[in-house]
Amino acid sequence: MTGRRLLIVEDDAVFARTLARSFERRGDAVRVLSGPEGLEDAAREHGATHAVVDLRLGGASGLTCVAALHALDPAIRIVVLTGFASIATAVEAIKLGATNYLTKPANTDDIEAAFERVEGDTAADIAASTTSLRTLEWEHIHQVLADTGFNISEAARRLGMHRRTLARKLEKRHL
């Protein structure tokens, strides 16, 4: 038994169920939510010590869940999972109280290791790497989306593109 009381906030029911079973086999007490509705009550009732939060929960942002969980208990260890990582959302997640930020696909071992890595690593490789134009474009689009509360119409206006063009770009990135 690890003694962890894990809260999983994930809108993909199959992935959430698989993740929950895997952590239960490791001795964790697990509760699963499909979105931010009822998050604070569930966290209190369950006594959550750890949380796994998907960044994109249907039409909602997992960042609101991170902020709410951190406000309830600043000691809770939160790992944010995402299928569309960007520097902007990683920075925001950490600022809001996440312990770590992982890209999907991530397995139970990856998440467990992320719970344990709470300190920075001064030996991390800082070698210069060039960022592709596509990645820079995606990060800029995602920053504008985050700034607009994931309002596609407003983000498209700020980016100077048609809403459908932005929607197509987002579909290609599997949002």
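Residues numbered from 1 in each chain as written. Predicted model: local features only at pLDDT ≥ 70, side-chain atom pairs only at ≥ 80, totals over all residues. Heavy atoms only, no water.

Scored by pLDDT, the protein chain has a mean of 86; 90% of the residues are at 70 or more. Mean pLDDT across the elements of the protein chain ranges from a minimum in helix α6 (residues 133–147), with 80, to a maximum in strand β1 (residues 5–9), with 96. (pLDDT = per-residue confidence, 0-100. Helix = DSSP H or I, 4+ residues; strand = E, 2+ residues; numbered from the N terminus.)

What follows deals with helix α4 (residues 87–96). Within α4 the residues assigned to the buried category are A88, T89, A90 and A93. Turning to α4, the residues buried within the fold contact α3 (62–72), β6 (77–82), β7 (100–103) and α6. Of the residues trailing α4, G97 is marked for its positive phi of about 125 degrees. (Buried < 20%, exposed > 50% of the residue type's maximum accessible area, 1.4 Å probe, protein only. Contact = heavy atoms within 4.5 Å.)

In this section: the pairing of β7. With four bridges joining them, β6 and β7 adopt parallel strand pairing. Along β7, the bridge assignment pairs L81 with L102. In the classification by handedness, the crossover that spans β6, the intervening α4 and the parallel β7 is right-handed. (Pairing = 2+ DSSP bridges. Right-handed = clockwise from strand over helix to strand, strands pointing away.)

This part covers the nonpolar core. Core analysis: the largest hydrophobic core is formed by 34 residues, its most contacted members being L7, L39, V53 and L69. With five residues, the single largest contributor to this core is α3. Discounting residues that sit within four places of it in the chain, L39 has contacts with L7, V9, L33, C65, A68 and L69. Among the nonpolar cores identified, the runner-up in size contains 15 residues, and L6, V52, V79 and A106 belong to it. (Core = buried A, V, L, I, M, F, W, Y, C linked by side-chain atoms within 4.5 Å.)

Once that is clear, we can look at the pattern of salt bridges. Inspection of every chain in the model, using the stated rule, returns 15 salt bridges. When the shortest N-O distance is used, the salt bridge between E45 and R31 registers 3.5 Å. One end of the pair, E45, is in helix α2 (residues 39–46); the other, R31, is in strand β2 (residues 29–33), and 14 residues separate them in sequence. A relative accessible area of 30% places R31 in the partly exposed class. In this structure, the salt-bridge partner of K95 is E92, at a minimum N-O distance of 3.9 Å. Taken together, the residues K95 and E92, both in helix α4 and three residues apart, mark about one turn of the helix. Exposure remark for E92: the relative accessible area of 28% places this residue in the partly exposed category. Several salt bridges share partner residues, and in doing so they unite R4, R26, D28, R77, D109, E112 and E116 into one network. (Salt bridge = Lys/Arg side-chain N within 4 Å of Asp/Glu carboxyl O.)

Spatial ordering of the open sheet is given by β2-β1-β3-β6-β7, a layout of five strands whose pairing is parallel. In this open sheet, the two edge strands, each paired with only one partner strand, are β2 and β7. Recorded for the sheet is a direction-independent mean angle of 20 degrees between the axes of neighbouring strands. The strands touched by helix α1 (residues 13–25) are β1, β2, β3 (50–54) and β6; relative to β2, the strand with the most contacts, the crossing angle is about 170 degrees. Packing against the sheet, α3 makes contact with β1, β3 and β6, and its axis sits at approximately 160 degrees to β3. (Axes fitted to C-alpha atoms, helices over the stretch in contact; angles between N-to-C directions.)

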